[in-house]
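# Coordinate inspection notes
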Amino acid sequence: MRPIRPGDRGPAVVEIRTVLTGLDLLPADGQRDEFDAETERAVRAFQQSRGLSVDGRVGAETWRALDAARWRLGARTLYHAVPEPLIGEDVRSLQERLLEMGYDVGRADATYGIRTARAVAQFQREMGLKPDGTCGPHTMNALRRLGRKVVGGRPQWLRESDAIRQAGPTLVGRTVVIDPGHGGTDPGEVVPDGPLRWTEADIVHDLASRLEGRLAAAGVRVQLTRGPSPETCLPDADRAQLANSLGADVFISLHTDGHANPAANGVATYHYGTDNGVTSATGERLAGLVQREIVARTGLRDCRTHAKAWDLLRLTKMPAVRVEVGYLTSPEDRGRLVDPRFRDRIVEAIVAAVQRMYFPIERDVPTGSIDVSALRAVVVAGQGGGLSRTVAD
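Conventions we followed
- Residues numbered from 1 in each chain as written.
- Predicted model: local features only at pLDDT ≥ 70, side-chain atom pairs only at ≥ 80, totals over all residues.
- Heavy atoms only, no water.
- Axes fitted to C-alpha atoms, helices over the stretch in contact; angles between N-to-C directions.
- Helix = DSSP H or I, 4+ residues; strand = E, 2+ residues; numbered from the N terminus.
- Left-handed = near helix turned anticlockwise from the far one by under 90°.
- Contact = heavy atoms within 4.5 Å.
- Nonpolar A, V, L, I, M, F, W, Y, C, P; charged D, E, K, R; others polar.
- Buried < 20%, exposed > 50% of the residue type's maximum accessible area, 1.4 Å probe, protein only.
- Polar contact = N/O pair within 3.5 Å; in protein donor to acceptor, adjacent residues only side chain to side chain.
- 1 Å grid on protein atoms, 1.4 Å probe; cavity = no way out; pocket = protein on both sides within 12 Å on 5 of 7 lines; lining within 4 Å.
- Points joined across faces, edges and corners; volume = space filled by probe spheres on them.
- Domains from an automatic or database assignment.
- Buried area = accessible area lost by both parts, 1.4 Å probe.
- Salt bridge = Lys/Arg side-chain N within 4 Å of Asp/Glu carboxyl O.

The next subject is the packing of helix α10 (residues 281-298) against helix α13 (residues 340-357). Close contact between α10 and α13 brings their axes to 8 Å; oriented N to C, the two are set at 145°. In this structure, α10 meets α13 at a crossing whose hand is right-handed. Where α10 approaches α13, its residues Thr282, Arg285, Leu286, Leu289, Val290, Arg292, Glu293, Ile294, Arg297 and Thr298 are matched on the opposing element by Phe342, Arg345, Ile346, Glu348, Ala349, Ile350, Ala352, Ala353, Val354, Arg356 and Met357. Residues of the contact of α10 with α13, tallied by class, amount to 12 nonpolar, 2 polar and 7 charged.

As a further point, take the environment of His80. The residue His80 is located in the loop between α3 (60-68) and α4 (89-100) in this model. What makes His80 partly exposed here is its relative accessible area of 33%. Sequence separation of His80 and Gly133 is 53 residues, and the distance between their C-alpha atoms is 7.5 Å. If we skip the residues at most four places from it in the chain, His80 touches Tyr112, Gly113, Ile114 and Ala117. Separated by 3.4 Å, the side chain of His80 and the backbone oxygen of Tyr112 make a polar contact.

This part takes up the layout of surface pockets. Each pocket or cavity is described by its volume, and for the largest pocket that value is around 1,100 Å³. Lining of the largest pocket is provided by 34 residues; of these, Ser53, Glu61, His182, Asp236 and Arg322 occupy positions nearest its centre. Counting only elements with at least two residues in the lining of the largest pocket, the list comes to α3, α9 (236-245), β5 (250-257) and β8 (320-327). If one sorts the elements of the lining of the largest pocket by residue count, α3 sits on top with 4 residues. Shared between two domains, the lining of the largest pocket takes at least three residues from each, and those domains are domain 1 (8-70) and domain 3 (161-369). Computed from the structure, the second largest pocket encloses a volume of approximately 800 Å³. In terms of lining, the second largest pocket is formed by 34 residues, of which the most central are Ile87, Asp109, Thr111, Arg314 and Leu315. Among the secondary structure elements, those contributing two or more residues to the lining of the second largest pocket are α3, α4, α5 (114-126), α9 and α11 (311-314). Looking at which element gives the most residues to the lining of the second largest pocket, the answer is α3, with 6 residues. Partitioned by chemical class, the residues of the lining of the second largest pocket number 14 nonpolar, 7 polar and 13 charged.

Right, let's talk about the domain arrangement of the protein for a bit. Considered domain by domain, the protein is made up of domain 1 (8-70), domain 2 (89-145) and domain 3 (161-369). Each of domain 2 and domain 3 has a C-alpha centre, and the two are 33 Å apart. Contacts between the two partners involve 8 residues from domain 2 and, on the opposite side, 12 residues from domain 3. Between domain 2 and domain 3, a total of about 770 Å² is buried, with carbon and sulfur atoms accounting for 39% of that surface. On the domain 2 side of the contact with domain 3, Glu96, Arg107 and Asp109 bury the most area, a combined 71% of that side's loss. Of the charged contacts, one joins Lys317 and Asp109 as a salt bridge, the two residues approaching to 3.0 Å between their closest N and O atoms. In this assembly, domain 2 and domain 3 are joined by 7 residue pairs in polar contact (both at pLDDT 80 or more). Split by residue class, the side of domain 2 that touches domain 3 holds 3 nonpolar, 1 polar and 4 charged.

Right under this line is the structure:
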């Protein structure tokens, strides 16, 4: 859909203003159909609170978030519907509540899937209710009566950290999906540079190909979400679904940034998280490792890590990060990004971060200390046949 922006009029603007009014971001002033400055400020506030890109326009992702925001927990009965699951802010609130109590709903993705239904059924069983996985009035009353069930640490952090610990430190046999952003009819940032023309889609695909080679050498199964010249650009939700269908262990999306001010520069890494502190624990850790390794190995300005609820991060079921590896609009960053040797350093940083994620925290190593060129998969003899593992010279 074409983004709805300041100056637009029509029924869609009325719908947007109605939702924003219900969220107390706009005053109740009738069915106005103008996307004015007041509406833009309210849209920006909504995007900021939901961890979306803050641009003051209503594109497809912001529209879906507004549509989901109509619902408040308790306003309707929630159940697992097939093939079209219920989606809404009420579902996310329920998931976050269950996570606080120690129930495993996976990621708070605002979608009432089978994992959420099973967590509700487990809660109902423990409360002496009919364990049908449906959140109706009786289940809501039980939820309101209870406080937190798990103390001493974030439940999701404890669960995800334990899963990483049990997986062991080796990279051999892991599945990593690498997502070169944009592609097809969407080149991303495009910057003319004398007789040359640099595009974000081309640069990040080259990065993804280099990263694929380095990870494969360490025994990792690697899948890219697109080739160098796809006919169409996959929506973020489809890229996330591809990673889920492959049972990926890690998802890495590569982008460059851009800004009207050419002085803007640096690297930033994003992981899933919401405005009230719910986060993908392993995604947050991976984002921190990626950010620190890139800054240490490249010297790019540290623009830190950030929690976002973009579809790409919200809908993936594994640790997922989006890395903005510099500003293509910055002469300084662009001069580095077009150098293949510099792109190799970015790739080394990401490989080192993925390896460190699988090290137990107590056995982690200093940033920048892993020699990525020494990481390789070898076959060693063991009982019952050959066994693969990752070693470093």
